[in-house]
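Single-letter residue listing:
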2 protein chains.
Amino acid sequence: MENKYGIKVIAGGACAAKGFSASGVHCGIRRNRSKKDLALIVSDTPCNAAAVYTRNLVKGAPLEVTREHIAAGKLRAIVCNSGIANTCNANGKQVAEETCALVGEALGIPAESVAVASTGVIGQPLELAPIKAGIPVLVASLCCDSTSAAEAIMTTDTVMKQVAVSFEVGGKRCVVGGIAKGSGMIHPDMATMLVFLTTDAAISSEMLQKALSGDIGGTFNMLSIDGDTSTNDMVLVLANGQAGNEEIKQEGDAFDAFMCALNTVNIRLCKMLAGDGEGATKLLECEVTGAKTLADARKAAKSVICSSLVKAAMFGADANWGRVLCALGYCGAELDPAKVGVVFRSAAGEVEVCRDGAGTDFSEELAKKVLSEKEIVIEVTLADGEASASAWGCDLSYDYVRINGDYRT
Amino acid sequence: MENKYGIKVIAGGACAAKGFSASGVHCGIRRNRSKKDLALIVSDTPCNAAAVYTRNLVKGAPLEVTREHIAAGKLRAIVCNSGIANTCNANGKQVAEETCALVGEALGIPAESVAVASTGVIGQPLELAPIKAGIPVLVASLCCDSTSAAEAIMTTDTVMKQVAVSFEVGGKRCVVGGIAKGSGMIHPDMATMLVFLTTDAAISSEMLQKALSGDIGGTFNMLSIDGDTSTNDMVLVLANGQAGNEEIKQEGDAFDAFMCALNTVNIRLCKMLAGDGEGATKLLECEVTGAKTLADARKAAKSVICSSLVKAAMFGADANWGRVLCALGYCGAELDPAKVGVVFRSAAGEVEVCRDGAGTDFSEELAKKVLSEKEIVIEVTLADGEASASAWGCDLSYDYVRINGDYRT
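Everything numeric in this text was worked out from a predicted model, so none of it was measured. (Residues numbered from 1 in each chain as written. Chains lettered and ligands numbered in written order. Predicted model: local features only at pLDDT ≥ 70, side-chain atom pairs only at ≥ 80, totals over all residues. Heavy atoms only, no water.)

Colleague: Give me the sheet that holds strand S14 (residues 375-381) of chain B: which residues, what numbers.
Modeller: All names here are of chain B. Strands sit in the order S13-S12-S11-S14-S10-S15 across an open sheet of 6 strands; the sheet is mixed. Two strands lie at the open edges of the sheet, namely strand S13 (358-359) and strand S15 (387-394), each paired on one side alone. Sheet topology places strand S10 (residues 283-291) next to S15; 7 bridges connect them, and they run antiparallel. Residue pairing across strands places Glu287 opposite Ser390, the latter belonging to S15. Where helix H6 (residues 253-275) meets the sheet, it contacts S10 and S15, and its direction lies at approximately 40° from that of S15. The sheet contacts of helix H7 (residues 294-306) involve S10, S14 and S15, and relative to S15 the element is tilted by about 20°. (Pairing = 2+ DSSP bridges. Helix = DSSP H or I, 4+ residues; strand = E, 2+ residues; numbered from the N terminus. Contact = heavy atoms within 4.5 Å. Axes fitted to C-alpha atoms, helices over the stretch in contact; angles between N-to-C directions.)

Written as structure tokens, this is what we have:
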């Protein structure tokens, strides 16, 4: 699939596409001076923009402002702070608007062309002073490497996340890339984290939104770390058209190429996010095949990935496949337990632990070896149809508890 | 409420009601000889019976057999093993039926008058031999104390759970009591654990089922330890009528008294189960008031109790109330975040942390003191209606991970 449209993974992230620059600094929202807390991504030229947002009723103030700015027209920049979520604050919207105004002023662009996001503790007031002080430094340090920006949006993430791919549309080389953060409070059915994507492909706003909305069902909405849906999540994509391809205005080959490139980026970001889930020692992927419908396949894969008991068993490298069946049984999909098969797979090999709903006489030694790897695939066959889906998550470790037992302090 | 029908908590559990005896032994299903693994509850006389079962599609074979036996007529006994769940086994139903036959033979009663349950690891075969060897000992050790039976059904439970209350119906003293087990794989919307209740009240099968089905919505279905719904859960109640009251055949005062007694027993068992959740260091109760509907109140209370992030914060005695709002925001209930209030309460006092959807200027010192107690109440006011509900759970600790990282080994 990656080669059909000449898709190649390339170096970089949000600045890999033409015309984008980025920066990240410590401005003082966080006490720890060695942790960057303010990020900026800027396009030389106006961009079509599309976004998806958390469906949590409790929403961060920045989401509302970003939504309004996207509705108002083209975007030029994204500003994002970490440390404080700017959610459940009386003056949250005002602070988010003033942040956009300050960025607009510093860049000489309208405030309405700036998207804003925040991530961190909910319910603590976000002061404007450090942001005001940080913006000139942020603008001065803009460069063609998004590493600092990727670092500045991290909260409990342990590694910064960026990825980019190149592909071809009508003989023109285009790039899609992005940065992401997210480690806890991540659960399907919402945008689930912060992801800022950029592309130099020319694509209309409508098709850009269509591509993003169409892709997240099988990517970011299939990712769960802890079952908690954040209040501040969004996936935002900016397209500045500098690749010079004929603008993608409808479905067809060019749109398919763009979708495929976007999907490649998003799946890689999903795996990075899952593998760096709070306290994670392992990346888990559940591949469901043979479901009656796509919805059933997705329900089944998500249920396995979300099960605390499956996650804890994977942490312990314990081939307790009964917990996989248990999670399938309550997932809400139509399935026949007597037809279910389960295989654990990793770099160390694979082991079939359940066939036709009952245990096989598998080697515990081999299973332990397979499950002791860093990346585990749980293959589930439902033998009841043609639909398939994958979901990503991580194991449940002591460190998840340690990280979340005193997040604020 | 407890006094309206002369309800008093009394000593004992499943043998507090007249005519019931019980026993528990180690028969060899478990390797550890000091852990009892087979329990029996017997009534002198035939009982009306009612039950609710897990809604997991993957169901333990014993549930099917118990369902058939309740449909066939009156019950005399309940047999239950721990260690192996007898689920996802090819010969599971046969083993469950033969277990009932062996108990029936030993007690001189029909196999169809015996209910059967199993709890433990899913997908391992359950051998009949140890059960066959254990039943004569089990029958010989029947006595009027259900402690041994309560111990024999324990899995990762750390304390045995039994409770009983007396109450009055038409001048006759009646008793409802029971034993329960359940520590992990516990989640709302299913029967969620094993609970065996007994009563000497005379009540028709229909009204008994009505009482049980009506009660669990606000009790066992409001209990969550880890979000995983077990395959083997049931709540089973036997009524032998030995109290001599006029049989309860319809709604009215006598039925209300029975419902109230049953509710008192079930709420106490819920709190015992939640407080002994796997790895729990604290019992959490979420009291929601001011919801638009009962369904909304229940959704809100369950969502807070189920949130891994709230649970981990409570483990760390961290007053991170933003996570409570986050959980309310994605619970699916109709609510206005700007009206929400949150108070943390315990034996050490109470602290209002959120009013009208925003943080108060609370004392972190007081909050730490309140949250350092063993029983924490999270009071949520939605200020949007008259409905209320409570849910019970526990904190998320290192020990949950330890217990579940290698449950089988």
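Colleague: For the pairing of strand S2 (residues 20-25) of chain B, give the residues involved together with the corresponding values.
Modeller: All names here are of chain B. Counting buried positions over the 6 residues of S2 gives 6, a clear majority of the element. On S2, burial covers both faces: Phe20, Ala22 and Gly24 on one face and Ser21, Ser23 and Val25 on the other are all buried. Pairing geometry for S2 and strand S3 (residues 38-53), over 6 bridges, is antiparallel. Following the sheet pairing, Ser23 is matched in S3 by Leu40. (Buried < 20%, exposed > 50% of the residue type's maximum accessible area, 1.4 Å probe, protein only.)

Colleague: Could you give an account of a positive patch on the surface, with specific residues and numbers?
Modeller: There is a patch of like positive charges on the surface, built from A:Lys8, A:Lys18, A:Lys172 and A:Arg173. Within the fold, A:Arg173 resides in strand S7 (residues 172-181). (Patch = residues over 30% accessible without salt bridge, like charges linked within 9 Å, V, L, I, M, F, W, Y side chains within 5 Å. Areas by Shrake-Rupley, 256 points an atom, 1.4 Å probe, with all protein chains shown as cover. Salt bridge = Lys/Arg side-chain N within 4 Å of Asp/Glu carboxyl O. Lys, Arg positive; Asp, Glu negative; His and termini not counted. Charge placed at Lys NZ, Arg CZ, Asp CG, Glu CD.)

Colleague: Can you explain the pattern of salt bridges? Please cite residues and give values.
Modeller: Residues and elements named next belong to chain B. Overall, the coordinates contain 29 salt bridges over all chains when judged by the stated rule. Across the pair Asp384 and Lys292 runs a salt bridge, and its minimum N-O distance is 3.3 Å. Linking Asp384 in the loop between S14 and S15 with Lys292 in the loop between S10 and H7, this pair joins segments that are 92 residues apart in sequence. Residue class for Lys292 comes out partly exposed when judged on its relative accessible area of 41%.

Colleague: Requested: an account of the packing of helix H5 (residues 205-216) of chain A against helix H6 (residues 253-275) of chain A, with residues and values cited.
Modeller: Residues and elements named next belong to chain A. At a closest axis distance of 10 Å, the pairing of H5 and H6 adopts a crossing angle of 45°. One element, H5, and the other, H6, form an angle in the oblique class. Where H5 crosses over H6, the handedness of that crossing is right-handed. Contact with H5, carried on its side by Met207, Leu208, Lys210, Ala211, Leu212, Gly214 and Asp215, involves Phe255, Phe258, Met259, Leu262, Asn263 and Asn266 of H6 and no other residues of that element. Of the residues contributing to the contact of H5 with H6, the split by class is 8 nonpolar, 3 polar and 2 charged. (Parallel < 35°, antiparallel > 145°, perpendicular 65-115°, else oblique. Left-handed = near helix turned anticlockwise from the far one by under 90°. Nonpolar A, V, L, I, M, F, W, Y, C, P; charged D, E, K, R; others polar.)

Colleague: Which residues make up the pairing of strand S5 (residues 114-121) of chain B, and what values go with them?
Modeller: Residues and elements named next belong to chain B. Within S5, 8 of the 8 residues are buried, which leaves the element mostly enclosed by the surrounding structure. In this sheet, S5 lies alongside strand S4 (residues 75-84) in parallel orientation, the contact comprising 8 bridges. For Asn81, the partnering residue across the bridge sits in S5 and is Ser118. Read from S4 through helix H2 (residues 92-107) to S5, the crossover connection turns out right-handed. (Right-handed = clockwise from strand over helix to strand, strands pointing away.)

Colleague: I'd like to hear about the nonpolar core, residue by residue, with values.
Modeller: Counting 86 residues, the largest nonpolar core has A:Phe167, A:Phe258, A:Phe344 and A:Ile378 as its most contacted members. Beyond its immediate chain neighbours, meaning those up to four positions away, A:Phe258 contacts A:Phe167, A:Val176, A:Thr199, A:Ala201, A:Ile203, A:Leu208, A:Ala211 and A:Ile248. Membership of the second largest hydrophobic core comes to 85 residues, among which are B:Leu269, B:Leu283, B:Met314 and B:Ala391. (Core = buried A, V, L, I, M, F, W, Y, C linked by side-chain atoms within 4.5 Å.)

Colleague: Let's hear about the state of the cysteines: which residues, and what values?
Modeller: Chemically, a disulfide is nothing more than a covalent bond linking the sulfur atoms of two cysteines. Residues and elements named next belong to chain B. With the rule as written, the count across this model stands at 0 disulfides over all chains. Cys286 forms no disulfide, and the closest cysteine sulfur to it belongs to Cys331, at a distance of 9.8 Å. Judged by relative accessible area, which is 0%, Cys286 ranks as buried. Looking at Cys394, it has no disulfide partner, and the nearest cysteine sulfur is the one in Cys306, 10 Å off. (Disulfide = S-S within 2.5 Å.)

Colleague: Can you explain the environment of A:Ala243? Please cite residues and give values.
Modeller: Examined against the element boundaries, A:Ala243 turns out to sit in the loop between strand S9 (234-239) and H6. A sequence separation of 187 residues divides A:Ala243 from A:Asn56, and the C-alpha atoms of the two residues are 36 Å apart.

Colleague: Break down the packing of helix H1 (residues 61-72) of chain B against H2(B) for me, with residues and values.
Modeller: All names here are of chain B. Running from N to C, H1 and H2 point in directions that differ by 50°, and their axes come no closer than 8 Å. Taken together, the axes of H1 and H2 are oblique relative to one another. For the pair H1 and H2, the crossing hand works out as right-handed. Across from Ala61, Pro62, Glu64, Val65, Glu68 and His69 in H1, the residues of H2 making contact are Gly92, Lys93, Ala96, Glu97 and Cys100. When grouped by side-chain class, the residues that make up the contact of H1 with H2 number 5 nonpolar, 2 polar and 4 charged.

Colleague: Residues and numbers for the environment of A:Gly385, please.
Modeller: Residue and element names in this part refer to chain A. Examined against the element boundaries, Gly385 turns out to sit in the loop between strand S14 (375-381) and strand S15 (387-394). The exposure class assigned to Gly385 is partly exposed, which follows from its relative accessible area of 31%. Setting aside residues no more than four positions away along its own chain, Gly385 makes contact with Gly290, Ala291 and Lys292.

Colleague: Describe the sheet that holds strand S12 (residues 349-355) of chain A, and please don't skip the residues or the numbers.
Modeller: Residue and element names in this part refer to chain A. Taken together, 6 strands build an open sheet; the order of strands is S13-S12-S11-S14-S10-S15 and the sheet is mixed. Unpaired on one side and paired on the other, strand S13 (358-359) and S15 mark the two borders of the sheet. Across the sheet, helix H7 (residues 294-306) is in contact with strand S10 (283-291), S14 and S15; its angle to S15 comes to roughly 20°. In the packing of helix H8 (residues 308-315) onto the sheet, contacts are made with S10, strand S11 (341-346), S14 and S15, and the angle to S14 comes to roughly 135°.

Colleague: Please provide a residue-by-residue account of the side chain of B:Thr66, values included.
Modeller: Residues and elements named next belong to chain B. Looking at the secondary structure, you find Thr66 in helix H1. A relative accessible area of 0% places Thr66 in the buried class. Not counting residues up to four positions away in its chain, the partners in contact with Thr66 are Tyr53, Ala115, Val116 and Met234.

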